[in-house]
Amino acid sequence: MITRSVASVDSLTWQEQLAGSIRDPKELLHLLELDSLEPDALELGTHGTESLTKSLLGQALSASADFQLRVPMAYLQRIKKGDLNDPLLLQVLPLEEELTGAPGYTADPLGEQAANPIPGLIHKYHGRVLLIVSPNCAINCRYCFRRHFSYQNNKPGRNEWQQALDYIATDHSITEVIYSGGDPLAASDRQLLWLTEQIAQINHVKRLRVHTRLPIVIPDRITDHCLQWLTSTDLLTTLVIHSNHPNELDHHVGHALKKLSNAGVTLLNQTVLLSGINDSVESLQALSEKLFQLGVLPYYIHQLDKVKGAAHFEVPDQRAKQLITKLMAQLPGYLVPKLVREIPDHPNKVPLL
Ligand SMILES: *Cc1c(COP(=O)(O)O)cnc(C)c1O
Ligand code: SF4
């Protein structure tokens, strides 16, 4: 069944790594040596006792039927073998808790379908539009607020892109375009170059922002071609990466980020606060410090969006505020991310502190 070895990513292109990501729960558990855990070992999991009624594989299979398992090898290499509580593993491992409904947790928690005037374009905030540049992600994060998003209706081709470009060109209040997804860097550099050139021709757009988790997940994604379209434009470019835990930031990621900062791209990070993964002052402090070492400033720390299947990741607001208050007492102000929650119909992300 399993032929690949964990060391095998080094010679692969990012596209090959993307295509070769693990989707089979059985393979994931095998590679991480979790298929031979004694039933007793499962009791050590922090994720509640209910989940222990079924085997890990059974859970992973049923929870991934709804939202597929997806982990590239480059990310898997950073997960500790045999450790069910690994903070990176818990972000990607489908568990039975996802299948339990929770009050207030819905399929479209942000009401994004309503702010979606043109396929692939979301205009919710003043001056900024978000483009769903690619429906695909390199990794499927179990807490993802877009896990039920209708990407089928948001998969623009060139003609639809023209509609989105016309929309932006017509509205002179738009000064910033945000590439989002899915993960925008799952698109090819050729497509991204084309789109960026079109946007750069619209005079009132001054800034381009790319929200992406790919530099964390598959750092080889930051190719010379990628740097080229990011920097060969008069738009001011910012890349907002998405890292939740210091263990994600290994030397490969550091190398990719260095290339970006050397090229003059502003680097920010956003984090989702996740129970059992990063809800401690120690891990948030280490994350901020490591990010700064790599040339990245913390931007937002998000309270979880209430998407169906993610309730077990919730950190109550009061505890979230306590954590950030403690973080403020430990770190310089510029290393403390803003604690925010997204509220539908609100003109901005709402600060909780
Ligand atoms: C988060 C978000 C933005 C950007 O908000 P900032 O506060 O500028 O980071 C823009 N559009 C949408 C739809 C968003 O969700
Ligand atoms: S990379 Fe971002 S959009 Fe993709 S699954 Fe993870 S959180 Fe969701």
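Only a predicted model underlies this, so the values are computations on that prediction, with no experimental measurement involved.

Asker: Can you explain the site of ligand 1? Please cite residues and give values.
Answerer: Near ligand 1, the surroundings consist of I122, K124, Y125, R128, L130, I178, R209, Y299, Y300, E342 and K349. A distance of 2.7 Å is found between an oxygen atom of ligand 1 and a side-chain nitrogen or oxygen belonging to R209. Notes on ligand 1: free accessible area 380 Å², of which the protein chains cover 91%. Put simply, the parts of the chain that give the shell around ligand 1 at least two residues each are β1 (121–125), β2 (128–134) and β7 (297–302). Top element by residues in the shell around ligand 1 is β1. It accounts for three residues. Looking at the shell around ligand 1 residue by residue, the classes come out as six nonpolar, no polar and five charged.

Asker: So, a nonpolar patch on the surface: which residues are in play, and what are the values?
Answerer: A cluster of nonpolar side chains, namely F292, L297 and Y334, defines an oily patch on the protein surface of about 290 Å² accessible area. Looking at the element boundaries, F292 is found in helix α12 (residues 281–293).

Asker: Go over the environment of P119, please, and point to the residues and values.
Answerer: Here P119 lies in the loop between α6 (89–92) and β1. Given the relative accessible area of 31%, P119 is considered partly exposed. C-alpha separation for the pair P119 and C137, spaced 18 residues apart in sequence, amounts to 18 Å.

Asker: Can you explain the packing of aromatic side chains? Please cite residues and give values.
Answerer: Evaluation of the coordinates by the stated rule reveals four aromatic pairs. Consider the rings of Y143 and F313, whose centres lie 6.0 Å apart with planes at 90°: the pair is edge-to-face. Here F313 lies in the loop between β7 and α13 (317–330) and Y143 lies in the loop between β2 and α7 (158–170), a separation of 170 residues in the sequence. We classify Y143 as buried; its relative accessible area is 4%. In this structure F313 comes out as buried when scored by relative accessible area, which is 1%. Consider the rings of Y179 and W229, whose centres lie 6.2 Å apart with planes at 40°: the pair is tilted. Taken together, the positions of Y179 in strand β3 (residues 176–181) and W229 in helix α10 (residues 224–231) put the pair 50 residues apart, joining distant regions of the chain.

Asker: Help me get a handle on the environment of I241, residues and values and all.
Answerer: Position of I241 relative to the elements: it lies in strand β5 (residues 236–242). Sequence-distant contacts of I241, that is, excluding residues within four places in its chain, are made with T212, P215, I216, L257, L268, N269, Q270, L291 and V296.

Asker: Outline the nonpolar core, listing residues and values.
Answerer: With 81 residues, the main nonpolar core has L131 and Y179 as its most contacted residues. Both domain 1 (14–99) and domain 2 (113–351) contribute no fewer than three residues apiece to this core. Among residues more than four places away in sequence, those in contact with Y179 are L131, V133, P184, L192, L195, T196, I199, L208, R209, V210, H211 and W229. Of all hydrophobic cores here, the second largest spans 14 residues; its members include I301, I324, L331 and V336.

Asker: For the domain arrangement of the protein chain, give the residues involved together with the corresponding values.
Answerer: Here the protein chain is partitioned into domain 1 (14–99) and domain 2 (113–351). The gap between the C-alpha centroids of domain 1 and domain 2 is 25 Å. Contacts between the two partners involve 25 residues from domain 1 and, on the opposite side, 34 residues from domain 2. For the pairing of domain 1 and domain 2, the buried interface totals around 2600 Å² over both sides, and the portion due to carbon and sulfur atoms is 58%. The largest share of the area that domain 1 buries against domain 2 comes from W14, F67 and Q91, three residues that together contribute 31% of it. For the interface between domain 1 and domain 2, the tally reads four salt bridges. For E98, the salt bridge goes to R142, with nearest N and O atoms at 2.9 Å. Taken together, the connections running from domain 1 to domain 2 amount to 19 residue pairs in polar contact (both at pLDDT 80 or more).

Definitions and limits used
- Residues numbered from 1 in each chain as written.
- Chains lettered and ligands numbered in written order.
- Predicted model: local features only at pLDDT ≥ 70, side-chain atom pairs only at ≥ 80, totals over all residues.
- Heavy atoms only, no water.
- Near = heavy atom within 4 Å.
- Polar contact = N/O pair within 3.5 Å; in protein donor to acceptor, adjacent residues only side chain to side chain.
- Areas by Shrake-Rupley, 256 points an atom, 1.4 Å probe, with all protein chains shown as cover.
- Helix = DSSP H or I, 4+ residues; strand = E, 2+ residues; numbered from the N terminus.
- Nonpolar A, V, L, I, M, F, W, Y, C, P; charged D, E, K, R; others polar.
- Patch = residues over 30% accessible without salt bridge, like charges linked within 9 Å, V, L, I, M, F, W, Y side chains within 5 Å.
- Salt bridge = Lys/Arg side-chain N within 4 Å of Asp/Glu carboxyl O.
- Buried < 20%, exposed > 50% of the residue type's maximum accessible area, 1.4 Å probe, protein only.
- Phe/Tyr/Trp six-rings, centres within 6.5 Å; stacked < 30°, edge-to-face > 60°.
- Contact = heavy atoms within 4.5 Å.
- Core = buried A, V, L, I, M, F, W, Y, C linked by side-chain atoms within 4.5 Å.
- Domains from an automatic or database assignment.
- Buried area = accessible area lost by both parts, 1.4 Å probe.

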